[in-house]
Amino acid sequence: MALTRDEREGFLAEPRVAALSVDAGEGRGPLIVPIWYRYGPGGDVRVMTDVGCRKALLIEKAGRFSLMVECTEPRVRYVSVEGPVVRTSPGSIELLREVAAHYLPPELVDRCVEIATARYSGERVVFHMAPER
């Protein structure tokens, strides 16, 4: 049974790992990768990644991407969302902390941010997607 708009937006706002899909060019299947994201009902979907990585370059070239978010218990349910990139912004520690807090218990957030900033010391970019479908 299809979800209502409110149900879809609420489901998408929950802390779930998404499968991000973006066109990888002629002769290639789409790039599909797991990713954490942020979304609030009625707003943009935000994903943050390293500047210059394959995923970022493909999103910039395509100008759009899709996410598929699912749960399998107590029954399979999913929401997919697709739309254009409406803006980009620099990645920030604040957004990294917000995303980590969305997914992790409070006692693990600082450690996650510490590990992420040590591991990925380069520039980050945030893609803002306006859900169309």
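The following paragraphs examine the structure supplied in this document. (Residues numbered from 1 in each chain as written. Predicted model: local features only at pLDDT ≥ 70, side-chain atom pairs only at ≥ 80, totals over all residues. Heavy atoms only, no water.)

Volume-wise, the largest pocket comes out at about 480 Å³. Along its surface, the largest pocket is lined by 20 residues, and Trp36, Met48, Leu96, Tyr120 and Arg124 are the ones closest to its centre. Put simply, the parts of the chain that give the lining of the largest pocket at least two residues each are β2 (31-35), β4 (45-50), α3 (93-103) and α4 (106-119). The greatest single-element share of the lining of the largest pocket, amounting to five residues, is contributed by β4. Residues belonging to the lining of the largest pocket are distributed by class as follows: 14 nonpolar, one polar and five charged. (1 Å grid on protein atoms, 1.4 Å probe; cavity = no way out; pocket = protein on both sides within 12 Å on 5 of 7 lines; lining within 4 Å. Points joined across faces, edges and corners; volume = space filled by probe spheres on them. Helix = DSSP H or I, 4+ residues; strand = E, 2+ residues; numbered from the N terminus. Nonpolar A, V, L, I, M, F, W, Y, C, P; charged D, E, K, R; others polar.)

Following the criterion strictly, the structure yields one aromatic pair and no others. Their ring planes at 5 degrees and their centres at 4.5 Å tell us that Trp36 and Tyr103 sit as a pair that is stacked. With Trp36 in the loop between β2 and β3 (38-39) and Tyr103 in helix α3, the pair connects residues that are 67 residues apart, well separated along the chain. By relative accessible area, which is 30% here, Trp36 ends up partly exposed. (Phe/Tyr/Trp six-rings, centres within 6.5 Å; stacked < 30°, edge-to-face > 60°. Buried < 20%, exposed > 50% of the residue type's maximum accessible area, 1.4 Å probe, protein only.)

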